[in-house]
Each structure stands twice: as C-alpha cells, then as structure tokens.
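Below, each chain spelled out in residue letters.
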Amino acid sequence: MSVRKAVIPAAGLGTRFLPITKVVPKPMLAVLDKPTIQYIAEELLSVGIDDVTIVVSPGSEIIKDHFGESNELEKRLLADGKLELYSILKDTMKFKVNYCVQKVANGLAGAILCAEPFLNGEPFALLLGDELLWANEGQTPCIKRLVDVYNKTGKSVIAAMEVFGDDVSKYGNIGVREETDGVITVDRIVEKPSLNDALSNYAIIGRYVLSGEVIDMLKKLTPRNNEIYLTDVLDQLAERGDLLASGFEGDRYDVGDKFGFIKANVEFALKSKEIGDLTAEYIKELAKKL
Ligand code: G1P
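Predicted model, so just to flag it, every value in this text is computed and none were measured.

How each quantity is defined
Residues numbered from 1 in each chain as written. Predicted model: local features only at pLDDT ≥ 70, side-chain atom pairs only at ≥ 80, totals over all residues. Heavy atoms only, no water. Helix = DSSP H or I, 4+ residues; strand = E, 2+ residues; numbered from the N terminus. Rg over C-alpha atoms; globule rule 2.2 N^0.38 Å. Buried < 20%, exposed > 50% of the residue type's maximum accessible area, 1.4 Å probe, protein only. Areas by Shrake-Rupley, 256 points an atom, 1.4 Å probe, with all protein chains shown as cover. Phe/Tyr/Trp six-rings, centres within 6.5 Å; stacked < 30°, edge-to-face > 60°. Lys NZ or Arg CZ within 6 Å of the ring centre and 35° of its normal. Core = buried A, V, L, I, M, F, W, Y, C linked by side-chain atoms within 4.5 Å.

**Student:** Any details on the overall build of the protein? Residues and values, ideally.
**Tutor:** Regarding its fold elements, the protein presents ten helices and 13 strands. A globule of 290 residues ought to have a C-alpha radius of gyration of about 19 Å, and the protein, at 20 Å, matches this closely. Principal axes of the C-alpha set define a box for the protein whose edges measure 60 × 50 × 40 Å. In the protein, buried positions account for 47% of the 290 residues. As displayed, the protein has an accessible area near 15200 Å², and 52% of this comes from carbon and sulfur atoms.

**Student:** Tell me about the packing of aromatic side chains, and name the residues and values.
**Tutor:** Taken as a whole, this structure holds five aromatic pairs when the rule is applied. For the ring pair phenylalanine 17 and phenylalanine 261, a centre distance of 5.4 Å and an interplane angle of 75° mean the geometry is edge-to-face. Of this pair, phenylalanine 17 sits in the loop between strand S1 (5–10) and strand S2 (30–31) while phenylalanine 261 is found in helix H9 (residues 258–271), placing the two residues 244 residues apart along the sequence. Given the relative accessible area of 13%, phenylalanine 261 is considered buried. A ring pair is formed by tyrosine 39 and phenylalanine 268, whose centres lie 5.1 Å apart and whose planes are at 70°; its orientation type is edge-to-face. With tyrosine 39 in helix H1 (residues 36–43) and phenylalanine 268 in helix H9, the pair connects residues that are 229 residues apart, well separated along the chain. Residues tyrosine 39 and phenylalanine 268 agree in their burial class; the two are buried. A network of ring pairs unites the aromatic residues Tyr39, Trp134, Tyr253 and Phe268 as a single cluster. Stacked on the ring of phenylalanine 268, the Lys or Arg lysine 271 has its end atom at 5.4 Å from the ring centre.

**Student:** Give a description of the nonpolar core that names residues and reports values.
**Tutor:** Counting 36 residues, the largest nonpolar core has Leu44, Ile54, Phe67, Ala125, Leu127 and Val209 as the members making the most contacts within it. If you list the elements that add at least two residues to this core, you get S1, H1, strand S4 (51–56), helix H2 (61–67), strand S6 (124–127), helix H6 (142–153), strand S8 (156–162) and strand S11 (202–210). Considering each element in turn, this core owes the most residues, six residues, to H6.

Everything listed here is a matter of geometry and, on its own, says nothing about what the molecule does.
Below you can see the structure in the form of structure tokens.
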C-alpha cells in the first residue's frame, strides 16, 4: 500500500524556549517568517501526502488556526491585488490536518498511538517536529527518499546520519547488517547508548516511514520505566530483517534547541530572496567585530 498519511509529533512543551512558549506553542516558533511546523508539513508535498496528523500538547489550538481558513484576510489580499501574499497565505491551507492532543507526556510511542484513529492501519510517514530538514535545489527531500525505499521494498525505513564522539549518545543508534546502494539493512537498534555500547556511527534522525503493523507491535510492548518506546519496536523489526535505513541529502536543523534554532534562522535569512544579500553583508560586517 502506498504511503498516504503522515504523523508529526509536536507535543513538547518547549520549556527550553521560555518565556515565549508560555503562550506560543513551540511548533509555532518561526524560522524567518514561517512556523517550524509548516516547514515540516511542506516536506510532505514532495511525496504528495496532504493527510497530516499533528500531535499537540493541550492549549495548542493556534496550530489548528494556522492551517485553517482565513476568509477575511484572503478577501482583503485579493481585493488589494496582493497576489504574492495571497499565495503565501494559501500555502498554509494545503493540508488536511487532523489534530490529537497528547494529554500525558508519554513520548514518541504515545504520540503515535494518539494518532492511531487517523491512520486506518496504513503505512505512515513520521516526521519529528523538532527537526527541520531542507533539501537544496537538485537534492531529493529526505522523506521522499524514505518513501521511495518503502515503495520498493515494503519495509519500514528510517533516516540515518553519521555522528561522532559524545553525539553518539544523543540518538537512537543503528547496527548494520549489510549496506547496498546507500540502503542499510538494520541489524539492531539501541536508544542513546553509551559510547562503549554503540553499534556504529549511524544515528536515527527524525524521519521514518513505518508499516501499519507498527501500531499493533507498540500495543504489545511491555513497558520499561513505565513507558513504551518506539525504539523497541524498531529493534524487533530489525531482528526480523524488516528494518532499513537510508542517508539523506540536504541540511538538518535541530530547531528544538536554541542554537539549532538560531542557525536555522541565520541560514534561512541568507537563502531568502528578500533579505539574503542584506543579511550576508550584515554578517560580514559583524564578523569583523567578533
Ligand atoms: C528521538 C528518538 C531517537 C532519535 C531522535 C532523533 O529521541 O527516540 O531514536 O535518534 O529522536 O532526533 P528524542 O530526541 O525525542 O529524545
């Protein structure tokens, strides 16, 4: 079955970004002029997925409003002949968005189970809301690579990147069974291992395409520390030889982290047609003073 649905877990409270996150949900923080959640949803346009379930924390209604209609503003922009702005506004309405509120902080597995009623047992793309992936011109978007691998093999597939030193312990870690044409057959998965326990330098990043059976597998898990973990299901799939991993092209920004968020803002400002040149000049001047 082809991949028609996606889940974006975005229920973190964003306390690292207080005070702005007191009333503004973290997924609504803007990189330049667009909320991070919209960039992430737009990755899905490369694979024609518009059915998106966003898993939010209580009090995040503003996210619903962001992807909803805006009749007054639409009429106003049209009447004023501001067609470019009208088209920017229309871009926020391209998705059929379902929302579910994750009432308890029970992690990634909890977020997926929260989205279950919208998935109908189908395979789904999973895009973690703290990571923004950007494919430059001529590059294949990460989620497209994963969907292509899934379509070819019917197996769940995760995105991987190489990490070194202490960074190894920050991510799910991938043991390699074999690697052909840039696609890894995963042997084992361990979540955030110590350097000694790491299986390789390959880390899981926040893009996955998962087969529908993952939901039942999650439900059958025995909790560890009172919680269930997606990593445990990935490890079961790996043990059966049913989990693949693929690298990605482009840039990855950890927008859940203050420095990652600033890097994204600086780089998107540099890419901007409107203020790219100004920003570049400003950065050069500023660098002289550092
Ligand atoms: C989650 C996953 C982890 C993965 C990471 C990618 O961890 O559990 O396997 O490497 O996302 O960002 P978290 O960052 O939510 O702790």
